[in-house]
Amino acid sequence: MHHGGIMTYDKFKNIINKKSVSSEVLKYETLDEEIEIQKTFVDMSYQRDINKTLARNIAAVFEWKKFGRPLVSLRSDGRFAIIDGQTRIYGAKINNFTEVPCVVYLDLTIEEEAYLYKSHNTERKKPSKLELFKSGIRANEEEDVAIALLLKKHGIPVGGSNAKNQLGCIELVRKGYRANVDLIDQTLGIINDVYDSATTNYMYQSYFVHSIYSFISYRHILESKSERAPDMDRFKDVLSRKHPKSLSDEIKKMTSVGINTGVGTEMQFADTRAGSTTGQDWKSNSLRRQTLRLHPVGLLILIQWYNKGLRGNKKLSTDWILDLPSLTKNYKEVLVILNGGSNDS
């Protein structure tokens, strides 16, 4: 941090005057100075409410090297209007810091402050999940390195969301890794066993990886309940006779008749985390953030594929999925459509 003393309006004026800066240039002249947090404030005529949860998260892992330089405007009363960085400043305050380094603007009108606030919140582009993943690997972040090694194990290249023959759903894999590393490992392994990346780029699309992960999780839960679980050799054989794009086509068919094909329920993943199966644990936000929700429609389609040609108790049951209280849509309607109008599972 800079230790040149606390910035005041008169001091700032003196520094600028010594530089003989013209009044026009002065409007956008800045200095990198240390200011007192108690003298900062947020002008709600153009600012947004502070995100205190985010500020607490910043405070919990506070590092000056990540702090950067908030932008503030020195008002004539000696206070500093925060243009950009109020969450970081609040995070520093939580950690009992009294001063923070800032970029200080002088002689701005409120309109100019609002313009700068809008510019900094609309013109900058946030890094993509993939870009953050790559930088995490370079920074030797434990989770990113572990995920990279998992992908390398299966020979899976990483690219953008539309990159041909490359994994584009890195955030989906991250959520699966956090929920249960063994399940996401099995998911990637099965996809690579069945398909050849040289012939299709649909195998690494988010909807497909997510649906396969849901099926593997479904099997895991059935086993934990001592119920009939799918035979994975049969599942691989079924997949080998289906192009990954056909799953997308089936999902789109659901959309065309008004079925919500988005992500469904969280609750079943309590069973996929060791020591986290109690109802009380499951209600905690910290646990919810570590889970990957099912893709109910994708899962039901895969079960329907698996069941084709089977009879009686050899078929996989969908009752357990369809009766989940947290499903907001009646997915029995999906099953009827998949079975050509029949409600048989």
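Refer to the preceding data block for the structure.
Cut-offs applied
Residues numbered from 1 in each chain as written. Predicted model: local features only at pLDDT ≥ 70, side-chain atom pairs only at ≥ 80, totals over all residues. Heavy atoms only, no water. Helix = DSSP H or I, 4+ residues; strand = E, 2+ residues; numbered from the N terminus. Buried < 20%, exposed > 50% of the residue type's maximum accessible area, 1.4 Å probe, protein only. Areas by Shrake-Rupley, 256 points an atom, 1.4 Å probe, with all protein chains shown as cover. Salt bridge = Lys/Arg side-chain N within 4 Å of Asp/Glu carboxyl O. Axes fitted to C-alpha atoms, helices over the stretch in contact; angles between N-to-C directions. Parallel < 35°, antiparallel > 145°, perpendicular 65-115°, else oblique. Left-handed = near helix turned anticlockwise from the far one by under 90°. Contact = heavy atoms within 4.5 Å. Nonpolar A, V, L, I, M, F, W, Y, C, P; charged D, E, K, R; others polar. Expected span 1.5 Å × (residues − 1). Arc of directions from axis to C-beta. Core = buried A, V, L, I, M, F, W, Y, C linked by side-chain atoms within 4.5 Å. Polar contact = N/O pair within 3.5 Å; in protein donor to acceptor, adjacent residues only side chain to side chain.

**Q** How would you sum up the overall build of the chain? Please name residues and give values.
**A** When its secondary structure is counted, the chain shows 17 helices and 5 strands. Burial analysis of the chain (345 residues in total) assigns 43% to the buried set. Here the chain has roughly 18500 Å² of accessible surface; of this, 47% comes from carbon and sulfur atoms.

**Q** Give a detailed account of the pattern of salt bridges, specifying residues and quantitative values.
**A** For the coordinates displayed, the defined rule picks out 15 salt bridges. Ionic pairing is found between Asp43 and Arg75, a salt bridge with its closest N-O pair at 2.9 Å. With a gap of 32 residues between them, Asp43 in the loop between β2 (40-41) and α3 (52-60) and Arg75 in the loop between β3 (71-74) and β4 (80-84) connect regions that are remote in the sequence. Residue classification places Arg75 among the buried residues on the basis of a relative accessible area of 18%. Linking Asp185 and Lys153 is a salt bridge whose minimum nitrogen-to-oxygen distance equals 2.8 Å. Of the two residues, Asp185 sits in helix α9 (residues 181-194) while Lys153 sits in helix α7 (residues 142-153), which places them 32 residues apart along the sequence. According to the relative accessible area criterion, Asp185 is buried, its value standing at 18%. Residue classification places Lys153 among the exposed residues on the basis of a relative accessible area of 57%. One network of salt bridges, in which partners are shared, links Glu143, Asp144, Glu171, Arg174 and Arg178.

**Q** Can you tell me about the packing of α9 against helix α11 (residues 232-240), naming the residues and giving the values?
**A** Running from N to C, α9 and α11 cross one another at 50 degrees; their axes reach a closest spacing of 9 Å. In terms of axis orientation, α9 runs oblique to α11. Both α9 and α11 take part in a crossing whose hand is right-handed. Residues Ile190, Asp193 and Val194 of α9 pack against Met232, Phe235, Lys236, Leu239 and Ser240 of α11. Taken together, the residues of the contact of α9 with α11 break down into 5 nonpolar, 1 polar and 2 charged.

**Q** Help me get a handle on the side chain of Thr187, residues and values and all.
**A** Tracing the sequence through the fold places Thr187 in helix α9. With residues up to four places along the chain from it excluded, the contact list for Thr187 reads Val209, Ile212, Tyr213 and Ile216.

**Q** Can you tell me about helix α5 (residues 110-122), naming the residues and giving the values?
**A** Its 13 residues give α5 an end-to-end C-alpha distance of 18 Å, which sits within 8% of 18 Å, the value for a rise of 1.5 Å per residue. Every buried residue belonging to α5 is among Glu112, Glu113, Leu116, Tyr117 and Ser119, and all of these are buried. One side of α5 holds all its buried residues, which, seen down the axis, span an arc of 165 degrees. Exposed and facing more than 90 degrees away from the buried side of α5 are Glu111, Tyr115, Lys118 and Thr122. Taken together, the buried residues of α5 touch β3, β4 and β5 (99-106).

**Q** Before we move on, can you summarise unusual backbone geometry with the specific residues and values?
**A** Even without glycine at this site, Asn96 takes up a positive phi of about 70 degrees. Looking at the secondary structure, you find Asn96 in the loop between α4 (86-94) and β5. Asn96 sits in the exposed class, given a relative accessible area of 67%. Unusually for a residue other than glycine, Asp107 sits at a positive phi of about 60 degrees. When you line up the elements, Asp107 lands in the loop between β5 and α5. Using a relative accessible area of 28% as the deciding quantity, one classes Asp107 as partly exposed.

**Q** Give a description of the nonpolar core that names residues and reports values.
**A** Among the nonpolar cores identified, the biggest contains 45 residues, and Leu151, Leu167, Phe215 and Phe235 are the most heavily contacted of them. For this core, the elements supplying multiple residues, two or more each, are α6 (129-138), α7, α8 (170-179), α9, α10 (206-224), α11, α12 (244-256) and α15 (296-307). Broken down by element, this core gets its largest block of residues, 9 residues, from α10. Dropping the residues within four chain positions of it, Phe215 is found in contact with Pro230, Met232, Phe235, Leu299, Leu302, Ile303, Tyr306 and Leu316. Counting residues in each nonpolar core, the second largest holds 14 residues, with Phe80, Ile89, Ala92 and Val104 among its members.

**Q** Describe the environment of Asp237, and please don't skip the residues or the numbers.
**A** Summarising the element assignment, Asp237 is placed in helix α11. As for Asp237 and Val194, which are separated by 43 residues in sequence, their C-alpha atoms are 8.0 Å apart. At 2.8 Å, the side chain of Asp237 forms a polar contact with the side chain of Arg241.

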